[in-house]
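Here are the chains, one letter per residue:
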Amino acid sequence: MPFQSQGVAKYYFMAAIALFAGQILFGLVMGLQYVWGDFLFPAIPFNVARMVHTNLLIVWLLFGFMGGAYYLIPEESETELYSTKLAMLLFWVFLIAGALTIVGYLAVPYATLAKYTGNDLLETMGREFLEQPLITKVGIVIVALGFLFNITMTVLKGRKTAISTVLLLGLWGLAVFFLFSFYNPVNVVEDKFFWWWTVHLWVEGVWELILGALLAFVLIKVTGVDREVIEKWLYVIITLTLVTGVIGTGHHYFWIGTPEYWQWWGSIFSALEPIPFFAMTVFAFNMVNRRRREHPNRAATLWALGTGVMAFLGAGVWGFLHTLAPVNYYTHGTQITAAHGHMAFYGAYAMVVLCMISYAMPIMRGRAANSNKAQVLEMWSFWLMTIAMVFITLFLTAAGILQVWLQRVSDTPLPFMVVQDKISLFYWMREWTGVVFLIGLVLYILSFFVKGEEQAKAA
């Protein structure tokens, strides 16, 4: 490990994986509630399980991004982190605040939680993905500002690279667009319009810059390809991302009461959104094929390649399938949307965080890579989770197509709950595939505890 302060990333990575496991467990609970309606009721109602599942997704990815930045920035800047103590203080503040929020969701009725956490002062709760109490939102802003101050000061005092610049741009954008979570207009159309400025411009905007920077960093390390080559690819990818993603927000404005021109703008620009993801796939494979060295961490290389492919399939292909307004008219709000969301989040963001952890954790433990036995187990985890996610996506897509036909296209459309009964077979298949995904995650965690012949010491 070139710089001692990079070690703080270990704590963020461990928290991220623990929260990831929690997210998957609550996903399985929700999956059972789809087919067994009173499972764990009234202890954990469906709306609470869903809220915990989606909030854990956001929080564990944020921990992963922060850990990745704390590891990457000192090495890119060729200097120690500005303040290790601040990084550790913010870690505990974020972890405790996140844990208390989840406990609040599970232990207190949501309306009561809103009453006791200041929602009467500034109404910010009750919005999908942004259900966090006002206190938690303020805490997130404080943590984000402290984190950004820490890494920005590190970059300013050291070397400036394209990777660190793109990462900083993505992280500052993440913080800025989160501020729209505090704006909750009374008008429903206006509310939805600006709600997407956080949700869409995170996952289809600034988060993609973070993804590109983390992936470029790992590829430089595992392939030995010239930095100049990788940085040129990175600039192309982020340009395509911003051009298509920002105006592509319009594909969320089709049916919420906004002007009709958004159907054209949203359709055209969101149809172009697969291009940066395709470029990312070509980029990853091109860099690996041009590699100048065989890095001992084969598992990290596999995660890097998988990120490009799965991001393109989930965010690109499955996004395009239902992004044109004439198609989305029938498909919005169905299981086709859920299929896209699952593969896109896994392929674009979960995999790049797992890739970063796979590369950095062995180095922080004093070796270039885990033992061969450990890497074989980790690669098994890669294939189990990735294949499971492909089948989850396919089962949800099949459920969505049938749902569209029975509920929205048929000459004799059926009620929502009747349709849900008819597609329950796909929900059962999704549930069992989710169990396979959990097994893959368990193997990923276990791989870091497997002993074996040690690889060469890290530089």
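A quick note: this is a predicted structure, and the numbers were derived from the prediction, not measured. (Residues numbered from 1 in each chain as written. Predicted model: local features only at pLDDT ≥ 70, side-chain atom pairs only at ≥ 80, totals over all residues. Heavy atoms only, no water.)

Time to look at the overall build of the protein chain. Across its full length, the protein chain holds 16 helices and zero strands. Taking 23 Å as the expected radius of gyration for a compact globule of 459 residues, we find that the protein chain reaches 22 Å, a close match to that expectation. Seen through its principal axes, the protein chain has C-alpha atoms that stretch 65 × 45 × 45 Å. Considering the protein chain as a whole, with its 459 residues, one finds that 59% of them fall into the buried category. A sequence separation of at least 24 residues applies to 82% of the contacts in the protein chain between residues at least 6 apart. (Helix = DSSP H or I, 4+ residues; strand = E, 2+ residues; numbered from the N terminus. Rg over C-alpha atoms; globule rule 2.2 N^0.38 Å. Buried < 20%, exposed > 50% of the residue type's maximum accessible area, 1.4 Å probe, protein only. Contact = heavy atoms within 4.5 Å.)

Now for the packing of aromatic side chains. Scanning all chains against the criterion turns up 50 aromatic pairs. Taken together, a centroid distance of 5.2 Å and an interplanar angle of 85 degrees make the contact between Trp207 and Tyr349 edge-to-face. With a gap of 142 residues between them, Trp207 in helix α7 (residues 188-223) and Tyr349 in helix α13 (residues 335-364) connect regions that are remote in the sequence. Judged by relative accessible area, Trp207 falls into the buried class, the value being 1%. A relative accessible area of 3% means that Tyr349 is categorised as buried. With centroids separated by 6.2 Å and ring planes inclined at 85 degrees, the aromatic side chains of Phe217 and Tyr359 adopt a geometry described as edge-to-face. Placement of Phe217 in helix α7 and of Tyr359 in helix α13 is noted, with a sequence separation of 142 residues between them. We note that Phe217, like Tyr359, is buried. Ring pairing ties together the aromatic residues Phe177, Phe180, Tyr183, Phe193, Phe194, Trp197, Tyr253, Tyr261 and Trp262, which thus form one cluster. Above the plane of the ring of Trp195 lies Lys192, whose end atom (NZ or CZ) is 4.1 Å from the centre. (Phe/Tyr/Trp six-rings, centres within 6.5 Å; stacked < 30°, edge-to-face > 60°. Lys NZ or Arg CZ within 6 Å of the ring centre and 35° of its normal.)

Viewed as axis vectors pointing N to C, helix α2 (residues 46-77) and α7 meet at an angle of 45 degrees, and their least axial separation amounts to 11 Å. In terms of orientation, α2 lies oblique with respect to α7. As α2 packs across α7, the resulting crossing turns out to be left-handed. Here α2 contributes Ile58, Leu61, Leu62, Phe65, Gly68, Tyr71, Leu72, Glu75 and Glu76 to the contact with α7, which in turn contributes Trp202, Trp207, Ile210, Ala213, Leu214, Phe217 and Lys221. Within the contact of α2 with α7, the residues separate by chemical class into twelve nonpolar, one polar and three charged. (Axes fitted to C-alpha atoms, helices over the stretch in contact; angles between N-to-C directions. Parallel < 35°, antiparallel > 145°, perpendicular 65-115°, else oblique. Left-handed = near helix turned anticlockwise from the far one by under 90°. Nonpolar A, V, L, I, M, F, W, Y, C, P; charged D, E, K, R; others polar.)

Glancing now at unusual backbone geometry. Along the chain, Phe41 connects to Pro42 via a cis peptide bond; the corresponding omega equals 10 degrees. Checked against the element boundaries, Pro42 lands in the loop between α1 (9-35) and α2. Here Leu40, not a glycine, exhibits a phi torsion of approximately 65 degrees, which is positive. Structurally, Leu40 is set in the loop between α1 and α2. A residue is classified by how much of its surface remains accessible, and Leu40, at 36% relative accessible area, is partly exposed. Despite not being glycine, Glu78 shows a phi value in the positive range, around 55 degrees. Note that Glu78 resides in the loop between α2 and α3 (84-107). Since its relative accessible area comes to 51%, Glu78 is described here as exposed.

Right, let's talk about the side chain of Asn370 for a bit. If you trace the backbone, Asn370 turns up in the loop between α13 and α14 (372-409). A polar contact is formed between the side chain of Asn370 and the side chain of Arg367, at a distance of 3.4 Å. (Polar contact = N/O pair within 3.5 Å; in protein donor to acceptor, adjacent residues only side chain to side chain.)

Going through the model one piece at a time under the given rule, you end up with seven salt bridges. Between Arg227 and Glu76 there is a salt bridge, with its nearest N and O atoms 2.8 Å apart. Of this pair, Arg227 sits in helix α8 (residues 227-247) while Glu76 sits in helix α2, and the two are 151 residues apart along the sequence. Given the relative accessible area of 0%, Glu76 is considered buried. Overlapping salt bridges bring together Glu76, Arg227 and Glu231 as one network. (Salt bridge = Lys/Arg side-chain N within 4 Å of Asp/Glu carboxyl O.)

With respect to the secondary-structure elements, His322 resides in the loop between α11 (298-321) and α12 (325-331). Judged by its relative accessible area of 8%, His322 is buried. Look past the residues within four positions of His322 in its chain and what remains in contact with it is Val327, Asn328, Thr331, Ile336, Thr337 and His340.

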